[in-house]
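# Coordinate analysis (summary)
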Amino acid sequence: MGRVYNFSAGPAVLPEEVLKEAQADMLDYKGCGMSVMEMSHRSAMFDNIIKEAEKDFRELVGVPDNYKVLFLQGGGSLQFAQIPMNLMKNRVADYIVTGNWAKKALAEAEIYGDAKAVASSADKNFTYIPDCSDLPIRENADYVYICENNTIYGTEYKKLPNTKGKLLVADVSSNFLSRPIDVEKYGLFFGGVQKNVGPAGMVITVIREDLVTDDVLPGTPTMMKYKTQADKDSLYNTPNCWCIYICGLVFKWLKNMGGLEEMNKRNEKKAALLYDYLDQSKLFKGTVRKEDRSLMNVPFVTGDKDMDAKFVAEAKAAGLENLKGHRTVGGMRASIYNAMPYAGVQKLVEFMDKFEKENS
Ligand SMILES: *Cc1c(COP(=O)(O)O)cnc(C)c1O
């Protein structure tokens, strides 16, 4: 059997060209006689890999000089703690809760201070993004926190919240590099790379330079200070060398594809194909309010558990993998990240259409 179309939410599909390049370089990376996994993170060879990855990332995203780009470990989940430890100077922070990941981030921040949900879409099982134009942001809030794309529920902010002058902090894990981003609107944003960028094991945090200080909460471990890694260009300790290398290849792939504007166009086209089908289907139905639909994660249901299970099983047999939805939503979820080709979504829609005809 060849490669399947993999609709996993994460770890997820990677560009085939990148996998092939890594395969070709596996045993002997550019004539140095060893693989990237075997070389010292202090070697000139690796130094070149990490510097080039950062340079390409900055170019791709348009990161201004007064922002640091950090390659960190511990995933998105450790950022939930690292953010308050570094930024919660007044021990006050306001969170917009649009799903499980924002909820977890809020719970973690509550360990360190007065963290509060100033808006939530929990009342309708997180199927929409709340109106964030006039929120009760507190005067002494250190920052306002959002999860910009909700991997589980399939909602995405189309417009950033009005933070009333407070720092905006965002988890962009599942729409990272899917579209252009205006870096200067954020104090900090981070993305676990295993959703839309690379293999598991790394998070990229982009933080405005003036926020990188020694003024952190008492008891913050050395490794958890952004300044520790910023001062050492993400090489304070051994980083996830392999992940940095693969992400670097993905950045080059994205640049070759035409950059983030072009990826956004492609992602819109892919998502439209699936949503248009869902909107006319009598069997399947999308679960999210139309204007808040994610371009990356598309949950849908038939309303009948047995039918859902039958669909997932038959889709798998047809080479369409990992379509089972998250247990909190049920049904199905198709994650259609950057590396999912249009042909994959086309095949999914054709399969859904055929399944609908056979089961109605
Ligand atoms: C997956 C995910 C996380 C958690 O990432 P880990 O790397 O597993 O800690 C956080 N936020 C979002 C939006 C995610 O999709």
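Conventions adopted
- Residues numbered from 1 in each chain as written.
- Predicted model: local features only at pLDDT ≥ 70, side-chain atom pairs only at ≥ 80, totals over all residues.
- Heavy atoms only, no water.
- Helix = DSSP H or I, 4+ residues; strand = E, 2+ residues; numbered from the N terminus.
- Buried < 20%, exposed > 50% of the residue type's maximum accessible area, 1.4 Å probe, protein only.
- Contact = heavy atoms within 4.5 Å.
- Domains from an automatic or database assignment.
- Buried area = accessible area lost by both parts, 1.4 Å probe.
- Salt bridge = Lys/Arg side-chain N within 4 Å of Asp/Glu carboxyl O.
- UniProt positions renumbered as here; feature names shortened; annotations may be inferred.
- Pairing = 2+ DSSP bridges.
- Near = heavy atom within 4 Å.
- Polar contact = N/O pair within 3.5 Å; in protein donor to acceptor, adjacent residues only side chain to side chain.
- Areas by Shrake-Rupley, 256 points an atom, 1.4 Å probe, with all protein chains shown as cover.
- Nonpolar A, V, L, I, M, F, W, Y, C, P; charged D, E, K, R; others polar.
- Axes fitted to C-alpha atoms, helices over the stretch in contact; angles between N-to-C directions.

## Brief notes about the side chain of Asp-292
Take Asp-292: it is sitting in the loop between strand 11 (285-286) and strand 12 (297-301). A residue is classified by how much of its surface remains accessible, and Asp-292, at 7% relative accessible area, is buried. Beyond its immediate chain neighbours, meaning those up to four positions away, Asp-292 contacts Tyr-128, Ile-129, Gly-154, Thr-155, Glu-156 and Lys-158.

## What about the domain arrangement of the protein chain?
The assigned domain composition of the protein chain is domain 1 (17-256) and domain 2 (259-358). A C-alpha centroid distance of 27 Å is found between domain 1 and domain 2. The partner domain 2 presents 24 residues to the 28 residues of domain 1 that form the contact. Of the roughly 2,100 Å² buried where domain 1 meets domain 2, counting both sides, 53% is carbon and sulfur surface. Looking at the side of domain 1 facing domain 2, the largest losses of area belong to Ile-152, Gly-154 and Pro-180, adding up to 21% of the total buried there. Linking domain 1 to domain 2 there are 0 salt bridges.

## A look at the UniProt feature "domain: Aminotransferase class V" (unreviewed entry) in the protein chain
UniProt annotation of "domain: Aminotransferase class V" (unreviewed entry) refers to residues 4-348 when read in the numbering used here. Helix makes up 34% of residues 4-348 and strand 17%, whereas the separation of the span's terminal C-alpha atoms amounts to 12 Å.

## Regarding the sheet that holds strand 12
Reading across the sheet, the 3 strands line up as 11-12-14 and stay open at both edges, with antiparallel pairing between neighbours. If you trace the sheet from one side to the other, it starts and ends with strand 11 and strand 14 (332-335), each paired once. Pairing between strand 12 and strand 14: 4 bridges, direction antiparallel. Across the sheet, the residue bridging to Phe-300 is Met-332, located in strand 14.

## Quick notes on the site of the ligand
Gly-75, Gly-76, Ser-77, Phe-80, Trp-101, Cys-147, Asn-149, Thr-151, Asp-171, Ser-173, Gln-194 and Lys-195 make up every residue found near the ligand. Note that an oxygen atom of the ligand is positioned 3.5 Å from one of the side-chain N or O atoms of Trp-101. One of the side-chain N or O atoms of Lys-195 is found 2.5 Å from an oxygen atom in the ligand. Look at the ligand: alone it shows 390 Å² of surface, and the protein chains cover 86% of it. Ranked by the residues each element gives to the shell around the ligand, the list is headed by helix 3 (residues 75-87), at 4 residues. Here the residues of the shell around the ligand are counted per class, giving 3 nonpolar, 7 polar and 2 charged.

## A short note on unusual backbone geometry
A cis amide bond links Gly-10 with the next residue in sequence, Pro-11, at an omega value of -10 degrees. Tracing the sequence through the fold places Pro-11 in the loop between strand 1 (5-6) and helix 1 (16-25). Despite not being glycine, Leu-177 shows a phi value in the positive range, around 65 degrees. Unlike most non-glycine residues, Ser-234 shows phi in positive territory, near 65 degrees. With respect to the helices, strands and loops of the structure, Ser-234 is situated in the loop between helix 5 (226-231) and helix 6 (241-257). We classify Ser-234 as buried; its relative accessible area is 1%.

## What about the pairing of strand 12?
Burial within strand 12 is extensive, with 5 of its 5 residues counted as buried. With burial as the criterion, each face of strand 12 is covered, one bearing Asn-297, Pro-299 and Val-301 and the other bearing Val-298 and Phe-300. As paired elements, strand 11 and strand 12 share 2 bridges and run antiparallel to each other. Residue Gly-286 lies in a different strand from strand 12, and its bridge partner there is Phe-300.

## Some details on the sheet that holds strand 3 (residues 92-97)
With mixed pairing, 7 strands are arranged side by side in an open sheet as 2-10-9-8-5-3-4. Both outer strands of the open sheet, strand 2 (67-72) and strand 4 (114-120), are each paired with one neighbouring strand and no more. Here the average twist between neighbouring strands, direction ignored, is 20 degrees.

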